[in-house]
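Structure assessment
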Amino acid sequence: MPPADAPAPLRVAIPDMISPSYFPAIAAVELGFFQREGLDATIELVFPVTTTYEALREGEIDFVGGAAHAPLYAFPDWEGCKLVCALSQKMYWFLVARADLHVTRGDLGALKGLRIGAAPGPVDGLLRLLAAAGIDPDSEVEIGPVPGVAGAGVSFGVSAAKALAAGKVDAFWANGMGAEVAVRDGVGTLVLDARRGDGPPEAEDYTFPAFVVTQERIEERPQQVAGAVRAIVRAQRALRRDPSLATAAARVHFPQSERNLIAELIRRDTAFYDPAISERSVVSLNRFARAVGVLSDRQVPYERVVATGFRRLWAPTAETDVVQGGTAGND
C-alpha cells in the first residue's frame, strides 16, 4: 500500500484504447518506462479525442496521447498547450468499406452515397481527404457517428468493425485494429491507408499521434515532463526492437482476441515510431487545421506548437533499454 500522503498517479489519457494508434503511450506505462523515470502513471480511456483534450485543459488528466490537430478544440490557436513529442508519424486512420460493396483500394469515388462512420476529431481527416479527392462530404456521402460507440470503455475501431458487420454503416474511418478485425473477418475491404500513400498526396501529413501537455505543467514541472518524454521514447525504441512486447503491454486493457493481433499491428507500424516533430510536419498540421476550421491564426511559429526544450530527448542514442519480464530494466 502506498503512504496515505503519496501523490496520485499521473493520468495518461488516450481516446481509443484497443488500438495501435497511441500504443507507445500504453507501452510506456504498462512496460514500466514511466516507473523507471520515477513517475507513477496510469493509462485510461477518455473518448472522443475532443473530450480528451478538454479534460487536459481542465486539469482532470496530466498527459494526452491523441491526434496532433485535436488540441485546438480545447486550446484555441495553440494557447495553453504544447506537443512534446510524436507517438508516431503521419495520419494513422484507415478507411474500410463493406466487403460486399466490392470497393477497390484507392477508389474514393465508389464511396458516393455510402454511410460512413467516424469519430469526432478523426472525422476531420476524412472530410478533408474526401474534399481533396473531389467528393463533397456534405452532399455525396453520409458521415456520422458509429452506432454503439457512445459509452466509456468502448473501443471505437473494434465497435466500428462490428457495426460494419451488422450493416449499420457501409464504411468506417478508424484505427488499425478496427480495420484488421473487419478485413480478417471478411466483412470489410481496405479502401485507404493514408500513412502508406493511398489517397491525395498531402493526406498522409494532415495530422499524427502526438503526446501533449499543458504549458502550465511544462513551466511548473519540467523535469516531470522530461521524464514522461523519455518514457515514451524508450517505449518506442523497445517496440521497434521487439514488437512482441506489445502483447505484454496490452495484457491489462485488451480482450484476448485483440491481444493476439496487436504485436503484428505494431510490427507494421514500427517504421513510424520516431518521436521527432519536424518544422515541415507542423506547417502541414497547421495548414490542415486551418482548412478544417479549428485554427484561425495564419502565422503560427513552430515554437508555439512544439515544446522545443525537449527536442534533445528525441535524438537517437547508443543506450540500450533492456526489457525483461514485461518491465523496463536498467541501462
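Residues numbered from 1 in each chain as written. Predicted model: local features only at pLDDT ≥ 70, side-chain atom pairs only at ≥ 80, totals over all residues. Heavy atoms only, no water.

Quantified by volume, the largest pocket comes out at close to 240 Å³. Lining the largest pocket are 17 residues, and of these Phe94, Gly176, Glu180, Arg196 and Arg268 sit closest to its centre. Contributions of two or more residues to the lining of the largest pocket are made by helix H6 (176–184), strand E9 (188–193) and helix H10 (256–269). Among the elements that make up the lining of the largest pocket, the one with the highest residue count is H6 (4 residues). Looking at the lining of the largest pocket, its residues break down into 7 nonpolar, 3 polar and 7 charged. (1 Å grid on protein atoms, 1.4 Å probe; cavity = no way out; pocket = protein on both sides within 12 Å on 5 of 7 lines; lining within 4 Å. Points joined across faces, edges and corners; volume = space filled by probe spheres on them. Helix = DSSP H or I, 4+ residues; strand = E, 2+ residues; numbered from the N terminus. Nonpolar A, V, L, I, M, F, W, Y, C, P; charged D, E, K, R; others polar.)

Below, the discussion takes up the pattern of salt bridges. Counting across every chain of the model gives 22 salt bridges. Between Glu37 and Arg234 there is a salt bridge, with its nearest N and O atoms 2.4 Å apart. With Glu37 in the loop between helix H2 (33–36) and strand E2 (41–45) and Arg234 in helix H8 (residues 222–241), this residue pair connects regions lying 197 residues apart in the sequence. No difference in accessibility class separates Glu37 from Arg234, as the two residues are buried. (Salt bridge = Lys/Arg side-chain N within 4 Å of Asp/Glu carboxyl O. Buried < 20%, exposed > 50% of the residue type's maximum accessible area, 1.4 Å probe, protein only.)

Spacing of three or four residues puts side chains on the same side of an α-helix, whose turn is 3.6 residues. The buried count for helix H5 (residues 156–165) comes to 8 of 10 residues, which makes it a mostly enclosed element. For H5, the secondary structure elements touched by its buried residues are strand E5 (94–98), strand E6 (115–117), strand E8 (171–174), H6, E9 and H10. Where H5 terminates, the next one or two residues include Gly167, which has phi positive at roughly 75°. (Contact = heavy atoms within 4.5 Å.)

Nothing here speaks to function; it is all geometry.
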